[in-house]
Amino acid sequence: MKIGFIGAGNMGRAIIDGWLKMKAVAPADIYVHSAHASSYEPYAKVNGLNAMESNLAVANAADVVVLAIKPNIALDTLKAVQPALTAGKWVITMVSGLSLADYATVAPDVPVLRIMPNVNVAIGAGMTALIGNAALSADQYAAGKKLFDAIGETSEVAEKDFSTFSALAGSSPAYVYFFIDAMARAGVKHGLSKAAATKIAAQATLGSAEMVLKSDKIPFDLIDQVSSPGGTTVAGLLAMEEAGFMTSVVKGIDATIAKELGE
Ligand SMILES: NC(=O)C1=CN([C@@H]2O[C@H](COP(=O)(O)OP(=O)(O)OC[C@H]3O[C@@H](n4cnc5c(N)ncnc54)[C@H](O)[C@@H]3O)[C@@H](O)[C@H]2O)C=CC1
Ligand SMILES: O=C(O)[C@@H]1CCC=N1
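Residues numbered from 1 in each chain as written. Chains lettered and ligands numbered in written order. Predicted model: local features only at pLDDT ≥ 70, side-chain atom pairs only at ≥ 80, totals over all residues. Heavy atoms only, no water.

Visitor: If you had to explain the site of ligand 1 to someone new, which residues and values would you point to?
Guide: Asn10, Met11, Ala35, Asn55 and Ile69 are the nearest of the 20 residues found near ligand 1. Measuring from an oxygen atom of ligand 1, one finds a backbone N or O atom of asparagine 10 at 2.9 Å. Residue alanine 35 places a main-chain N or O atom 3.1 Å away from an oxygen atom belonging to ligand 1. In the complex, 76% of the free accessible area of ligand 1, which totals 840 Å², lies under the protein chains. Among the secondary structure elements, those contributing two or more residues to the shell around ligand 1 are α1 (10–21) and α4 (71–81). Looking at side-chain class alone, the shell around ligand 1 contains 13 nonpolar, 6 polar and 1 charged residues. (Near = heavy atom within 4 Å. Polar contact = N/O pair within 3.5 Å; in protein donor to acceptor, adjacent residues only side chain to side chain. Areas by Shrake-Rupley, 256 points an atom, 1.4 Å probe, with all protein chains shown as cover. Helix = DSSP H or I, 4+ residues; strand = E, 2+ residues; numbered from the N terminus. Nonpolar A, V, L, I, M, F, W, Y, C, P; charged D, E, K, R; others polar.)

Structure representation (structure tokens):
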């Protein structure tokens, strides 16, 4: 299956890097075009991908066209390449805030798989939502799911929940990195080097996430397990909550969802 990328920025490259790392797609089967030849051509060359001179050339070459561009240009771009989307070809789009109904306004008969990935696909640890339109066949959906199962977890998500998923998985790597950086900064305040503090904070975060996934306990029970009576952890938890930790996280997620919904 030949896969063509329209746009090869942060998210497009994270997906390509993940596929190459996991050997899920051969580099020769990937075609890319984006706005700046000085950026995508060297990226394509170093990874053995096909650099194409236009979006239309990508759509002509590929069996599946991946939209990895910003929301404001996505519909016009799809409209422009639509003549190349002949029978059997389909589209994967990761564009936030655009629904399957939005794509139908410019390309009503084109099979579309709407996804919401996150950047952790680059290391095979992504979390990707999937939903197909009516024109997408079961085989095309299965092929799309297989591509993203290769670089992390996938979940079929109703479109009404995409904006919430986008906040909790698409944007949340930034929030978790923020949390790790904040912990590391506290470590620096107390005399550790930034590099050592970041590694300690990241490993503790990784292990805690694995524990939540593998344990049969809910996070609040796990919190209690760490908090010795009269101990250090409960003192820290209460100070964090006094500063509004939970409210701050919920407000951040609310703002993310509101932005995606254009509110
Ligand atoms: N960055 C992330 O973590 C995530 C991003 N997304 C979605 O992925 C999409 C891309 O986001 P990023 O990669 O972060 O943005 P980016 O700014 O890093 O990349 C955008 C790419 O589009 C290219 N481009 C601009 N105009 C073009 C045109 N007319 N034709 C072809 N290519 C063009 C740029 O050269 C660049 O390669 C957005 O719609 C975003 O909502 C979804 C999930 C996570
Ligand atoms: O910040 C953004 O708009 C995109 C969507 C999800 C993650 N990054």
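Visitor: Quick rundown of helix α7 (residues 162–189)? Include the residues and the values.
Guide: Along its 28 residues, α7 runs 39 Å from first to last C-alpha, staying within 8% of the 40 Å computed at 1.5 Å per residue. The sharpest bend along α7 reaches about 65 degrees and sits at serine 172, with the proline proline 173 one to four residues further on. When α7 is considered as a whole, its buried residues turn out to be Phe162, Ser163, Phe165, Ser166, Ala167, Ala169, Ser172, Pro173, Ile180, Ala184 and Gly187. Looking at the buried side of α7, the elements it contacts are β6 (112–116), β7 (126–132), α8 (194–214) and α11 (245–260). (Expected span 1.5 Å × (residues − 1). Bend = angle between axes of the 7 residues up to and from the residue. Buried < 20%, exposed > 50% of the residue type's maximum accessible area, 1.4 Å probe, protein only. Contact = heavy atoms within 4.5 Å.)

Visitor: Which residues make up the packing of aromatic side chains, and what are the values?
Guide: Summed over all chains, the structure comprises 3 aromatic pairs. Their ring planes at 65 degrees and their centres at 6.3 Å tell us that phenylalanine 179 and phenylalanine 245 sit as a pair that is edge-to-face. Taken together, the residues phenylalanine 179 in helix α7 and phenylalanine 245 in helix α11 connect sequence positions 66 residues apart. Look at phenylalanine 245 and you get partly exposed, because its relative accessible area is 39%. A connected cluster of aromatic rings, assembled from ring pairs, spans Phe5, Trp19 and Phe148. The ring of tyrosine 43 carries arginine 13 above its face, with NZ or CZ at 4.3 Å from the centroid. (Phe/Tyr/Trp six-rings, centres within 6.5 Å; stacked < 30°, edge-to-face > 60°. Lys NZ or Arg CZ within 6 Å of the ring centre and 35° of its normal.)

Visitor: Lay out unusual backbone geometry with the relevant residues and their values.
Guide: At lysine 23, a residue that is not glycine, the phi angle is positive and equals roughly 55 degrees. Checked against the element boundaries, lysine 23 lands in the loop between α1 and β2 (30–33). Judged by its relative accessible area of 73%, lysine 23 falls in the exposed class.

Visitor: Can you tell me about the sheet that holds β6, naming the residues and giving the values?
Guide: Taken together, 8 strands build an open sheet; the order of strands is β3-β2-β1-β4-β5-β6-β7-β8 and the sheet is mixed. Looking at strand neighbours, the two that pair on one side only are β3 (50–51) and β8 (152–156), the edges of this open sheet. Here β2 runs beside β3; their pairing, made up of 2 bridges, is parallel. By the bridge assignment for β3, tyrosine 31 is matched with asparagine 50. On top of the sheet, α7 reaches β6 and β7; it is set at about 165 degrees to β7, its chief contact. (Pairing = 2+ DSSP bridges. Axes fitted to C-alpha atoms, helices over the stretch in contact; angles between N-to-C directions.)

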